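Structural characterization, general
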Amino acid sequence: MKALLLALAFAAAVTVSPAFAQVVPGYGGFTPLPEAGEQPDPDRVYKVVFDVSQGGPDDGPNRGLDRVARLINMLAAGGVDADHRQVVVVVHGAATLSVLSDPAWAARGKGTANPNSALIRALIAAGVEVRICGQAMVGNRVVEEDLAPGVTVDLAALMTVVHRQQAGYALIAD
């Protein structure tokens, strides 16, 4: 019986709603499980702050940023519109360089283009606030001009997380 349920879940993954494919295209893949519990509620406002501190590969997207895309795609596929998604990601620690612009990435000898660039653009287009810890910038010798377009500098990830939690945001940390 369990094998049958898994097979049905896999078959359901082949059929993905157009909303899923259009919110953060190419990132944040997931398998829809319409019979599972805890489905997105289109009437709920989702206030979430992601604390992304783990680095990623130099040739692929940061796993923490992709996780943000997964939540956005799940919510959208479940009928949660942009007005009901208030999502912030704050990057720091080993993830700091994930939000560099392509020229800054190349200047550090990491390759011609930051593999996170398209993902960052897609997250911002989906309404996600992408923020970076100013303290991590200093520690990594990153200046504001080095950041990908649309990334906002905060004093510290500590402040961002505390302020958002006090404002009712749920914390997801990597």
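Remember, predicted model here, so these are calculated numbers, not experimental data.

Procedures and definitions
- Residues numbered from 1 in each chain as written.
- Predicted model: local features only at pLDDT ≥ 70, side-chain atom pairs only at ≥ 80, totals over all residues.
- Heavy atoms only, no water.
- Helix = DSSP H or I, 4+ residues; strand = E, 2+ residues; numbered from the N terminus.
- Buried < 20%, exposed > 50% of the residue type's maximum accessible area, 1.4 Å probe, protein only.
- Contact = heavy atoms within 4.5 Å.
- Areas by Shrake-Rupley, 256 points an atom, 1.4 Å probe, with all protein chains shown as cover.
- pLDDT = per-residue confidence, 0-100.
- Patch = residues over 30% accessible without salt bridge, like charges linked within 9 Å, V, L, I, M, F, W, Y side chains within 5 Å.
- Salt bridge = Lys/Arg side-chain N within 4 Å of Asp/Glu carboxyl O.
- Pairing = 2+ DSSP bridges.
- Right-handed = clockwise from strand over helix to strand, strands pointing away.

1. With respect to the overall build of the chain
Of the regular secondary structure elements, the chain holds seven helices and five strands. Scanning the chain from its N terminus toward the C terminus, one meets helices and strands in the order α-α-β-α-β-α-α-β-α-β-α-β. Classification of the 174 residues of the chain by burial places 41% in the buried group. Taking the intrachain contacts of the chain between residues at least 6 apart in sequence as the baseline, contacts between residues at least 24 apart amount to 71%. Surface summary for the chain: the accessible area is close to 9,400 Å², and the carbon and sulfur share equals 57%.

2. Quick word on the confidence of the model for the chain
The predicted model of the chain has a mean per-residue pLDDT of 90, with 87% of residues at 70 or higher. Scored below 50 in pLDDT, residues 1-21 makes 14 contacts in the model with residues more than four places away or belonging to other chains.

3. Points about a nonpolar patch on the surface
A surface patch of nonpolar side chains, amounting to about 330 Å² of accessible area, comprises Leu155, Leu158 and Met159. Within the element layout of this structure, Leu155 appears in the loop between β4 (152-154) and α7 (157-166).

4. Remarks on the pattern of salt bridges
Summed over the entire model, instances satisfying the criterion amount to five salt bridges. Between Asp66 and Arg70 there is a salt bridge whose closest N-O contact spans 3.5 Å. Separated by four residues within a single helix, Asp66 and Arg70 lie in helix α3 (residues 63-77), roughly one turn from each other. Judged by its relative accessible area of 18%, Asp66 is buried.

5. Quick word on the pairing of strand β1 (residues 46-52)
Summarising burial for β1: six of the seven residues are buried, a large majority. Pairing geometry for β1 and strand β2 (residues 85-91), over seven bridges, is parallel. When the bridges of β2 are listed, Phe50 appears paired with Val89. With respect to chirality, the unit in which β1 leads through α3 into the neighbouring parallel β2 is right-handed.

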